[in-house]
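Here are the chains, one letter per residue:
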Amino acid sequence: MTYQEIVPLLTRILTPGQVSISDTDRALHAKDQSFHQPSKPDVIVWPESALQVSQILILANEYEIPLTAWGAGTSLEGNPIPVRGGILLSLERMNKIIAIQADDFQVTVQPGLGYKDLNVQLARYGLFFAPDPGANASIGGMIANNAAGSRTVRYGATRDNVLRMEVVLADGQVIHVGSRSVKQSAGFDLVHLFIGSEGTLGIITEATLRLSPIPEHISAIVAAFNTVQAAVETVVAVRGSGLDPAALEFLDAFSAQMLIEAEGLDLLPKPTLFMEFHAAHSSALDAGIKIVEAICRDFGTISFQATTNATERKKLWDARHRHYEIVVRTHPDQNFLVTDTCVPLSAYIELVNFIEQQIRQPNRIEAPLVGHAGDGNIHVLIPFDQNFSYERAQQLNAQLVKKAISLGGTCTGEHGVGLGKARFMPIEHGGALEVMRMIKKTLDPKGILNPGKIFLEDAPND
Ligand SMILES: Cc1cc2nc3c(=O)[nH]c(=O)nc-3n(C[C@H](O)[C@H](O)[C@H](O)COP(=O)(O)OP(=O)(O)OC[C@H]3O[C@@H](n4cnc5c(N)ncnc54)[C@H](O)[C@@H]3O)c2cc1C
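Everything numeric in this text was worked out from a predicted model, so none of it was measured. (Residues numbered from 1 in each chain as written. Predicted model: local features only at pLDDT ≥ 70, side-chain atom pairs only at ≥ 80, totals over all residues.)

Quick notes on the sheet that holds strand S4 (residues 87-90)
Keep this limit in mind: When DSSP finds two or more bridges between two strands, those strands count as paired. Secondary structure elements are defined from DSSP: runs of H or I of at least 4 residues count as helices, runs of E of at least 2 residues count as strands, and each element is numbered from the N terminus. Contact between residues is assigned whenever the C-beta positions, reconstructed from backbone atoms, fall within 7 Å. Lines fitted to C-alpha atoms define the axes here, with helix axes fitted over just the stretch in contact, and angles between the N-to-C directions of these axes take values from 0 to 180 degrees.
Strand order across the open sheet formed by four strands is S1-S2-S4-S3, with mixed pairing between neighbours. Strands at the two margins of the open sheet, each flanked by one partner only, are strand S1 (19-20) and strand S3 (67-70). Here strand S2 (residues 43-45) runs beside S4; their pairing, made up of three bridges, is parallel. By the bridge assignment for S4, Val-43 is matched with Ile-87. Sheet strands touched by helix H1 (residues 3-13): S1, S2 and S4. Its angle to S2, the strand with the most contacts, is close to 20°. Sitting on the sheet, helix H3 (residues 50-63) is in contact with S2, S3 and S4, with an inclination near 165° to S4.

Describing the domain arrangement of the chain
Convention followed: Here the bounds of each domain stem from an automatic or database domain assignment. Only Asp, Glu, Lys and Arg are considered charged in this grouping, and only Ala, Val, Leu, Ile, Met, Phe, Trp, Tyr, Cys and Pro are considered nonpolar; every other residue, Gly among them, is considered polar.
What the domain assignment reports for the chain is domain 1 (3-92), domain 2 (97-213), domain 3 (217-325) and domain 4 (331-416). Averaged C-alpha coordinates put domain 1 and domain 4 at centres separated by 32 Å. Counting residues at the interface gives five residues for domain 1, matched by six residues for domain 4. Of the residues belonging to the side of domain 1 that touches domain 4, the class tally is two nonpolar, two polar and one charged.

Comments concerning unusual backbone geometry
The criterion, for reference: Buried means a residue has 20 or more other C-beta atoms within 10 Å of its own C-beta, exposed means 12 or fewer, and partly exposed covers the counts in between; C-beta atoms are placed from the backbone.
The backbone of Asn-146 shows a phi angle near 50°, a positive value even though the residue is not glycine. With respect to the secondary-structure elements, Asn-146 resides in the loop between helix H5 (139-145) and helix H6 (152-155). With 22 C-beta atoms counted inside 10 Å, the residue Asn-146 sits in the buried group. With a phi close to 55°, Glu-198 is a non-glycine residue in the positive phi region. Within the secondary structure, Glu-198 sits in the loop between helix H7 (190-194) and strand S10 (203-210). In this structure Glu-198 comes out as buried when scored by C-beta crowding, with 24 C-beta atoms within 10 Å.

So, the pairing of strand S14 (residues 272-279)
Most of S14 sits inside the fold, with seven of its eight residues counted as buried. As judged from the eight bridges shared by strand S12 (residues 217-224) and S14, these two strands associate in the antiparallel manner. Bridge assignment links Ile-218 to a residue of S14, and that residue is His-278. Across five bridges, the pairing between strand S13 (residues 247-251) and S14 is antiparallel. Bridge pairing in S14 places Glu-249 opposite Phe-274.

As for the pairing of strand S6 (residues 106-109)
Burial along S6 is one-sided: the face carrying Val-107 and Val-109 is buried and the face carrying Gln-106 and Thr-108 is not. Across four bridges, the pairing between strand S5 (residues 97-101) and S6 is antiparallel. Looking at the pairing, Ala-99 lines up with Thr-108 of S6. Between S5 and S6, which pair antiparallel in sequence order, lie four residues; one of them, Phe-105, sits at a positive phi of approximately 55°. Sheet analysis places S6 next to S10, joined by four bridges and oriented antiparallel. Of the residues in S10, the one forming a bridge with Gln-106 is Arg-210.

What about the site of the ligand?
Rule in force here: Only the C-beta atom matters for nearness: placed from the backbone, it must lie within 6 Å of the molecule or strand for the residue to count as near.
Surrounding the ligand, one finds 37 residues, the nearest of these being Gly-71, Gly-140, Gly-141, Ala-144 and Gly-199. Broken down by secondary-structure element, the contributors of at least two residues to the shell around the ligand are S3, H5, S10 and helix H12 (323-330). It is H5 that provides the largest number of residues to the shell around the ligand, a total of five residues. Residues that form the shell around the ligand fall into these classes: 17 nonpolar, 16 polar and four charged. Viewed by domain, the shell around the ligand spans two of them, domain 1 (3-92) and domain 2 (97-213), each represented by three or more residues.

Below you can see the structure in the form of structure tokens.
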């Protein structure tokens, strides 16, 4: 079906302002923040209710039109790129808070709401939604990718903070999965089936999220080391100390140098750990800082700074969240492929050594390393340009992924499969991938939902 034929059908359901075939709108929804090939949708729709989402899906399913959901388009693996064209369903206008259930530490929201905007509203109640990917992602996109962030080490990933959802299935049926009870053992866990499914199994139109109280006392710690090995060994020791860090991030010397130059941070250009600790009482925080300092000194820290000052903390974490943007801005002649491997903590040192010895040194590339080290996640930003091709960067990514999987890890800790990781799914999952295919076939028999993602045979050649 051509878009000329789709549009009149869509305008029977939606108002003219909710449908666009303009070239500008199509180009704006053709790519995410990755370097995967852009692909324009034929038409963009902005539904405003679950009923409208359902009506659009009934139409798409009947005429077998591909349909891809769009949150904020900040993905890093091509997840929302509409590779088969068709309908792009933007959740942007479904961005309301439906109810704040403060006494239950819960909030019910529509999927198009940005998590940063949500947290601004929640602050009045002394609550926050903990998962924090750097970019201003939407709640729906975070759930669909199972996003995580620097606070995952203590508060879990998005997966650990969703209790209940409303989902529209491929045939337009609206279902509710999960409940507002924090303990649930009634049958199959459909909440977690949809989380991380990247819009391939259904469209999330509402979610009840688990919240945390904003901690009374917070400390930020920066410790620098002479070697990557010492910094990474410290991560394992801090995790083993029982101190329960709220964030435990690793930056290599190159990244530290960039934050010094671009953000004026008071760091050394050395392998560095950023840590955060939360406590209900200041004495607990002070005691914790002393223990962390002792651990860092045991591993030979050359600089240890701790602060409870809110402005200093904000400066540090804003800079950390802007790391990718800073790398891109300060290297205008290069592009960067962002890797996203994650391994059990005990294998983290081996993975980081592998990156140093098998990826960076032999190829003589200045690829910044940054990672949510506390949960075994590392990102290498592999540069590519006319001298070092995208294909070579992809080969290094493949080497790294295979190493991570051999260490008991995964090809993606938080960015999802999208287009970029589909080729590693058989290696990581073996026969379990066939079960995923069966689930996909059951829930979306015509294959209309975000086609070309997760399964290799569906993905276009990149
Ligand atoms: C600078 C930068 C830093 C980042 N840092 C992190 C990080 O630390 N941790 C991390 O996890 N990620 C990070 N990301 C990646 C990105 O922010 C996350 O993947 C995020 O979850 C994407 O959300 P989004 O709203 O932009 O979704 P989109 O990119 O629009 O979509 C993501 C996927 O979800 C699907 N989808 C969207 N909405 C729905 C819905 N309502 N129902 C069903 N499917 C839906 C889409 O089809 C797509 O498959 C970063 C990105 C950037 C640019």
